[in-house]
Amino acid sequence: MADKMIGMIVCGELGLLSRCLMLQPWSVTEEQLLTLHTCDHISLLRSTSNCSDVNNLETMSSQFDSIYFHPSTYECSLLAAGSTIKLVDEICKKNIQNGMAIVRPPGHHAMQNEYCGYCYFNNVALAAKHALNAGMKKILIVDWDVHHGQATQQMFYDDNRVLYFSIHRYEYGTFWPNLRESDFDYIGEGAGRGYNFNVPLNSVGMRDNDYMAIWHQLLLPVAYEANVI
């Protein structure tokens, strides 16, 4: 709470919010979703829209890892993915220089045909795919969430146009999502070999200096070499 209050005070004193262009929320289209997700994936989530049968929602939720369906999950997911794509589209069109999409639900655990970890549509992956389709040549995705975004990794594992870099707790595979593919030696395959970087943290209690070392000694050199910044 203290951090949030400090952030609000800083924004107020510097007038940062008044200098920002506020984009209206935007729903993703089915055509955009189909660039990475399957018809079945979309249809199943659509079936939960405005569903008042709690038992049915719980039964459906139990089929997936850390997923909970609500009658508004589908609509919220459409807005989260669509707003992220809208932001990237505005940047690609040079209407804005940069931006931040503050959206929920998150997306980096959402696979092509499976919901996972509170994620339904892969927001960042869909936005990256949109940018590629719009003519972008190189994209860097930096995933600094505490969990490994295994689904985003899978989306571009063989694509050398997207450099995926993830810093996450791993603890030798004992930390969720408990996947072998979250370790450092999963580096991509085919054309994407060498474009997937995992920095699995096996110790707890990392501090700011540890993260700064990772950013300066690993991320920045890799990003410059790959010509993505």
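Residues numbered from 1 in each chain as written. Predicted model: local features only at pLDDT ≥ 70, side-chain atom pairs only at ≥ 80, totals over all residues. Heavy atoms only, no water.

**Digging into helix 3 (residues 39-46)**
Right, on to step 1. Within the sequence span of helix 3, burial applies to His-41, Ile-42 and Leu-45. Angularly, the buried residues of helix 3 cover 95° about the axis, an arc narrow enough to put them on a single face. (Buried < 20%, exposed > 50% of the residue type's maximum accessible area, 1.4 Å probe, protein only. Helix = DSSP H or I, 4+ residues; strand = E, 2+ residues; numbered from the N terminus. Arc of directions from axis to C-beta.)

**Here we look at the domain arrangement of the protein chain**
Right, on to step 1. When cut into domains, the protein chain gives domain 1 (25-136) and domain 2 (137-228).
Right, on to step 2. Centre-to-centre, using C-alpha coordinates, domain 1 lies 22 Å away from domain 2.
Right, on to step 3. The interface of domain 1 with domain 2 comprises 20 residues on the first partner and 19 residues on the second.
Right, on to step 4. Approximately 1500 Å² of surface area, both sides summed, lies buried where domain 1 meets domain 2, with 66% of it carried by carbon and sulfur atoms.
Right, on to step 5. When the buried area of domain 1 at its contact with domain 2 is split by residue, His-108, His-109 and Leu-132 rank highest and sum to 39% of it.
Right, on to step 6. Counting across the interface, domain 1 meets domain 2 through 0 salt bridges. (Domains from an automatic or database assignment. Contact = heavy atoms within 4.5 Å. Buried area = accessible area lost by both parts, 1.4 Å probe. Salt bridge = Lys/Arg side-chain N within 4 Å of Asp/Glu carboxyl O.)

**Quick word on the layout of surface pockets**
Right, on to step 1. Its volume calculated, the largest pocket comes out at about 1600 Å³.
Right, on to step 2. Thr-84, Val-124, Ile-141, Val-142 and Trp-144 are, among the 42 residues lining the largest pocket, the residues nearest its centre.
Right, on to step 3. Of all the secondary-structure elements, those providing two or more residues to the lining of the largest pocket are helix 5 (73-92), helix 6 (123-133) and strand 1 (139-143).
Right, on to step 4. Residues that form the lining of the largest pocket fall into these classes: 26 nonpolar, 12 polar and 4 charged.
Right, on to step 5. Lining the lining of the largest pocket are residues from two domains, each supplying at least three of them: domain 1 (25-136) and domain 2 (137-228).
Right, on to step 6. Of the volumes computed, that of the second largest pocket is approximately 740 Å³.
Right, on to step 7. Among the residues forming the lining of the second largest pocket, the class breakdown is 15 nonpolar, 5 polar and 1 charged. (1 Å grid on protein atoms, 1.4 Å probe; cavity = no way out; pocket = protein on both sides within 12 Å on 5 of 7 lines; lining within 4 Å. Points joined across faces, edges and corners; volume = space filled by probe spheres on them. Nonpolar A, V, L, I, M, F, W, Y, C, P; charged D, E, K, R; others polar.)

**A few points about the packing of aromatic side chains**
Right, on to step 1. For the structure shown, the criterion picks out 7 aromatic pairs.
Right, on to step 2. Ring centres of Phe-64 and Phe-69 lie 6.3 Å apart, and the angle between their planes is 85°; this geometry places the pair in the edge-to-face category.
Right, on to step 3. Given the relative accessible area of 17%, Phe-64 is considered buried.
Right, on to step 4. Aromatic side chains Phe-69 and Tyr-115 sit 5.6 Å apart centroid to centroid with 90° between the ring planes, which places their arrangement in the edge-to-face category. Separated by 46 residues along the polypeptide, Phe-69 in the loop between helix 4 (54-61) and helix 5 and Tyr-115 in the loop between helix 5 and helix 6 bring together distant segments of the chain. (Phe/Tyr/Trp six-rings, centres within 6.5 Å; stacked < 30°, edge-to-face > 60°.)

**Structural notes on unusual backbone geometry**
Right, on to step 1. Between Arg-104 and Pro-105 the backbone carries a cis peptide bond, its omega angle lying at 0°.
Right, on to step 2. Following the sequence through the fold, Pro-105 ends up in the loop between helix 5 and helix 6.
Right, on to step 3. Here the residue pair Trp-176 and Pro-177 is connected by a cis peptide bond, since its omega of 10° sits within 30 degrees of zero.
Right, on to step 4. Counting through the fold element by element, Pro-177 comes out in the loop between strand 2 (162-169) and strand 3 (196-201).
Right, on to step 5. With a phi close to 60°, Asn-50 is a non-glycine residue in the positive phi region.
Right, on to step 6. Relative to the assigned elements, Asn-50 resides in the loop between helix 3 and helix 4.
Right, on to step 7. Look at Asn-50 and you get exposed, because its relative accessible area is 63%.
Right, on to step 8. In the Ramachandran plot, Ser-66 falls in the positive-phi region, its phi being about 55° despite a non-glycine side chain.
Right, on to step 9. Here Ser-66 lies in the loop between helix 4 and helix 5.

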